[in-house]
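Overview (structure and organization)
Letter by letter, the chains look like this.
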Amino acid sequence: MLYSLFDSSFTKGIAFTGLLLGFLLTCMLLKVLQTVLPRDGGRAFAVNGVLSQGKPRGAGIVFILVFSFLALFFVPISEDNNFRELFIYLIMLVAAMLSGYLDDSSKTPWGEYKKGLIDLVIAFICAFTYVNFNSSTFTILLTGTSITLPKAVFIFLAMILIWVSINVTNCSDGVDGLSGSISIATLITFYIIFSSKLHHAAYSQLTLLMVVCILGYLWFNASPSKLLMGDAGSRAIGFFIAILALKTGSPLVYIPAALVFIVDGGLGLLKVALKRFLKIKILTNIRTPIHDHVRKNLGWSDTQTVFRFVILQAFISFVLLFFIM
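In this report, the structure presented in the accompanying data block is examined. (Residues numbered from 1 in each chain as written. Predicted model: local features only at pLDDT ≥ 70, side-chain atom pairs only at ≥ 80, totals over all residues. Heavy atoms only, no water.)

**Some thoughts on the overall build of the protein**
Counting its regular elements, the protein contains 13 helices and two strands. A globule of 325 residues ought to have a C-alpha radius of gyration of about 20 Å, and the protein, at 19 Å, matches this closely. With the C-alpha coordinates of the protein rotated into their principal frame, the extents come out at 55 × 45 × 35 Å. Counting every position in the protein, which comprises 325 residues, the buried fraction comes to 51%. Summed over all atoms, the accessible surface of the protein reaches about 15000 Å², with 69% contributed by carbon and sulfur. Distance between charge centroids for the protein: 7 Å, based on 24 positive and 15 negative side chains. (Helix = DSSP H or I, 4+ residues; strand = E, 2+ residues; numbered from the N terminus. Rg over C-alpha atoms; globule rule 2.2 N^0.38 Å. Buried < 20%, exposed > 50% of the residue type's maximum accessible area, 1.4 Å probe, protein only. Areas by Shrake-Rupley, 256 points an atom, 1.4 Å probe, with all protein chains shown as cover. Lys, Arg positive; Asp, Glu negative; His and termini not counted. Charge placed at Lys NZ, Arg CZ, Asp CG, Glu CD.)

Printed below as a string of structure tokens:
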């Protein structure tokens with residue numbers, strides 16, 4: 001396998017080949033397989049949700065499988081332990097994708113508790129894996145301060161990070177091109193951190209590979225979209241972003257690097273959770289996800305929503321990188 005050769009012969013040519021294959025395979029497979037993907041039933045409570053009705057959804061199964069396959073061959077892994085760790089993450093990435101795809105293709109949508117439990121199991125396996133192969137120490141990139149937590153505490157907090165990332169990313173998927181475009185802004189942030197600050201070749205390449213696979217999907221999802229990533233894509237992307245945050249050794253960097261996801265999707269989760277479990281009502285005059293609020297209440301077009309949300313995340317990321325690089 002190519003990954004075993006990276007320690008002696010990995011070149012930019014091999015890296016570029018992996019990226020090129022990621023984009024081309026995603027485009028070609030989506031073109032061919034979109035007719036067999038499940039169809040979106042529309043979203044009754046989403047702004048312009050009826051426009052999605054009948055479109056192929058669940059495209060995440062294509063670009064996530066392309067990414068996972070190519071990651072095994074084109075990511076520079078020099079040690080067996082590192083490969084085993086990455087392999088577990090890839091299995092869990094596919095698990096997150098499959099849980100979303102099965103929901104996408106189900107005649108009856110899965111309940112929130114069922115999906116939440118699946119997310120918790122995936123989050124625990126990955127949090128435990130991270131501590132097993134790394135440590136329970138994390139660094140605050142802004143100050144360089146390192147803090148060591150008890151392993152059980154670190155696993156619990158890492159589980160929260162992964163669960164939140166899966167769900168806020170999933171909730172932000174509701175406008176053509178929005179979730180994929182914000183994802184790229186967030187992923188490029190992590191790419192710069194891995195390549196320029198941490199000098200971590202494997203996760204730099206891994207991040208770019210995910211970017212090009214999402215770009216292949218966006219070729220078909222640009223407004224007006226021909227297909228949708230569905231939960232299969234958004235849940236997997238959210239999972240992947242959380243793993244990148246952990247692998248920086250500074251999980252708190254997730255907050256600024258994915259702040260638009262947190263605000264857009266997270267406020268809705270918080271609003272529902274407080275109302276359902278504590279009978280507390282907040283944001284009563286604000287529609288969630290926030291991308292629905294700005295379109296319905298502020299009159300933003302879909303294109304304005306996508307561009308402005310991406311601009312906001314790019315600006316926040318620039319500020320983050322300015323202070324930590």
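**Notes on the state of the cysteines**
Within the structure shown, the criterion is met by zero disulfides. The structure places no disulfide on cysteine 126, whose sulfur is separated from the nearest cysteine sulfur, that of cysteine 213, by 19 Å. Cysteine 171 takes part in no disulfide bond, and the closest cysteine sulfur to it belongs to cysteine 126, at a distance of 20 Å. On the accessibility criterion, cysteine 171 (25% relative accessible area) is partly exposed. (Disulfide = S-S within 2.5 Å.)

**Observations regarding the packing of helix α2 (residues 12-33) against helix α3 (residues 60-74)**
Between α2 and α3, the least distance of the axes is 9 Å, while the angle of their chain directions is 155°. Comparing the axis directions of α2 and α3 gives the class roughly antiparallel. In this structure, the crossing between α2 and α3 has a hand that is right-handed. Two secondary-structure elements touch here, α2 through Ile14, Thr17, Gly18, Leu21, Gly22, Leu25, Thr26, Leu29, Leu30 and Leu33 and α3 through Val62, Phe63, Val66, Leu70 and Phe74. In terms of residue class, the contact of α2 with α3 is built from eleven nonpolar, four polar and no charged. (Axes fitted to C-alpha atoms, helices over the stretch in contact; angles between N-to-C directions. Parallel < 35°, antiparallel > 145°, perpendicular 65-115°, else oblique. Left-handed = near helix turned anticlockwise from the far one by under 90°. Contact = heavy atoms within 4.5 Å. Nonpolar A, V, L, I, M, F, W, Y, C, P; charged D, E, K, R; others polar.)

**Let's talk about unusual backbone geometry**
In this chain, serine 223 is followed by proline 224 through a cis amide linkage whose omega measures -5°. One can find proline 224 in the loop between α8 (201-221) and α9 (230-247). Here the residue pair threonine 288 and proline 289 is connected by a cis peptide bond, since its omega of -5° sits within 30 degrees of zero. Relative to the helices and strands, proline 289 is located in the loop between α11 (259-278) and α12 (290-296). In the Ramachandran plot, histidine 199 falls in the positive-phi region, its phi being about 55° despite a non-glycine side chain. Within the element layout of this structure, histidine 199 appears in the loop between α7 (178-197) and α8. Exposure remark for histidine 199: the relative accessible area of 62% places this residue in the exposed category.

**Details of a nonpolar patch on the surface**
Together, Leu117, Leu120, Val121, Phe124, Ile125 and Phe128 make up an exposed nonpolar region whose accessible area comes to about 540 Å². Topologically, leucine 120 is positioned in helix α5 (residues 112-133). (Patch = residues over 30% accessible without salt bridge, like charges linked within 9 Å, V, L, I, M, F, W, Y side chains within 5 Å. Salt bridge = Lys/Arg side-chain N within 4 Å of Asp/Glu carboxyl O.)

**Structural notes on the layout of surface pockets**
When its volume is computed, the second largest pocket comes out at roughly 320 Å³. Around the second largest pocket sit 14 residues that line it, and Leu157, Ala158, Leu161, Pro251 and Leu252 are the ones nearest its centre. Broken down by element, the lining of the second largest pocket gets its largest block of residues, six residues, from helix α6 (residues 151-171). The residue makeup of the lining of the second largest pocket, split by class, is 14 nonpolar, no polar and no charged. (1 Å grid on protein atoms, 1.4 Å probe; cavity = no way out; pocket = protein on both sides within 12 Å on 5 of 7 lines; lining within 4 Å. Points joined across faces, edges and corners; volume = space filled by probe spheres on them.)

**As for the packing of α8 against α9**
Helix-helix packing: each pair is described by the crossing angle between the helix axes and the interaxial distance. Where α8 meets α9, the closest approach of the two axes is 12 Å, and the angle between their N-to-C directions is 160°. On the basis of the axis angle, α8 is roughly antiparallel to α9. As for the relative orientation of α8 and α9, their crossing is left-handed in sense. Between α8 and α9, the contacting residues are Tyr203, Leu206, Thr207, Met210 and Ile214 on the first element and Ile237, Phe240, Leu244 and Lys247 on the second.

**So, empty space enclosed by the protein**
Empty space among the atoms can be located by rolling a probe the size of a water molecule over them. Under the definition given, this model contains one cavity of 30 Å³ or more. Volume-wise, the largest cavity comes out at about 60 Å³. What lines the largest cavity is Phe67, Leu86, Tyr89, Leu90, Leu93, Tyr203, Leu206, Phe239, Phe240 and Ile243. Secondary-structure elements contributing two or more residues to the lining of the largest cavity are α4 (80-105), α8 and α9. By residue number, the principal contributor to the lining of the largest cavity is α4, which donates four residues. Here the residues of the lining of the largest cavity are counted per class, giving ten nonpolar, no polar and no charged.

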